[in-house]
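Take a look at the letters that make up each chain.
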Amino acid sequence: MGFSVLAEDRPVPDELVDYFGDGNRSAYLRATYRVMKTIMLAEQLRDLQAYGQRRTAELGIEPADVPDRVREFLKGKDGA
């Protein structure tokens, strides 16, 4: 996989490669995957949490009632 970096942007990735990849671009890129995947999952979870908060507010459900409602829902699934 190849990609280009503008000459004026080059010092930053070079510094990051030196620090995180010990000068090895592939090692740096592999380390970056983990970090970026974590950021992606955190953003998705934040969006899901916001959705859940909106929906509970729309339905008039108090946040403290959510765990009991989830348990009730899951019990109903087992019996079906």
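About the thresholds
Per chain, the residues get numbers from 1 upward, laid out in the order the sequence is written. Only residues with pLDDT of 70 or above have their local features reported here, since the model is predicted, and side-chain atom pairs are shown and tallied only from 80 upward, although totals for entire chains, interfaces and linings are computed over all residues. The side-chain figures draw on all heavy atoms in the structure; neither hydrogens nor water molecules are used. The angle between two axes is taken between their N-to-C directions and runs from 0 to 180 degrees, where each axis is a line fitted to C-alpha atoms and a helix contributes only its stretch in contact. A helix here means a DSSP run of H or I that spans at least four residues, while a strand means a run of E at least two residues long, and both kinds are numbered starting from the N terminus. Oblique is the label for any angle not covered by the other classes, which are roughly parallel (under 35 degrees), roughly antiparallel (over 145) and roughly perpendicular (65 to 115). Here a residue-residue contact requires only that any non-hydrogen atoms of the pair lie within 4.5 Å. When residues are sorted by character, Ala, Val, Leu, Ile, Met, Phe, Trp, Tyr, Cys and Pro go into the nonpolar class, Asp, Glu, Lys and Arg into the charged class, and all the rest, Gly among them, into the polar class. When accessible area is computed with a 1.4 Å probe and restricted to protein chains, residues below 20% of their type maximum are described as buried, those above 50% as exposed, and intermediate ones as partly exposed. Contacts described as polar in this section are N or O atom pairs within 3.5 Å, which, within protein, must combine one atom able to donate a hydrogen with one able to accept it, while residues neighboring in sequence count only if both atoms come from side chains. Expected span of a helix, by definition, is 1.5 Å for each gap between consecutive residues, and there is one gap fewer than residues.

The subject of this paragraph is the packing of helix α1 (residues 11-21) against helix α2 (residues 25-59). Orientation of α1 relative to α2, taken along the N-to-C sense of each, is 80°, at an axis distance of 8 Å. The angle between the axes of α1 and α2 places the two elements in the roughly perpendicular class. Touching Leu16, Val17, Phe20 and Gly21 of α1 are Arg25, Ala27 and Tyr28, all from α2. Broken down by class, the residue content of the contact of α1 with α2 amounts to five nonpolar, one polar and one charged.

Residue placement: Arg69 occurs in helix α3 (residues 66-79). Given a relative accessible area of 45%, Arg69 falls into the partly exposed group.

A separate point is the side chain of Thr56. Of note, Thr56 is situated in helix α2. Judged by its relative accessible area of 19%, Thr56 is buried. Within the structure, the side chain of Thr56 is placed 3.0 Å from the backbone oxygen of Gln53, a separation counted as a polar contact. Apart from the residues lying within four places of it in its own chain, the contact partners of Thr56 are Ile61 and Val66.

So, on to α2. Taking 1.5 Å of rise per residue, the 35 residues of α2 would be expected to cover 51 Å, and the 51 Å separating its terminal C-alpha atoms lies within 8% of that figure. Those residues of α2 that sit buried are Tyr28, Ala31, Thr32 and Thr56. Capping the start of α2, Asn24 holds a side-chain oxygen 2.8 Å from the backbone nitrogen of Ser26, two or three residues further along.

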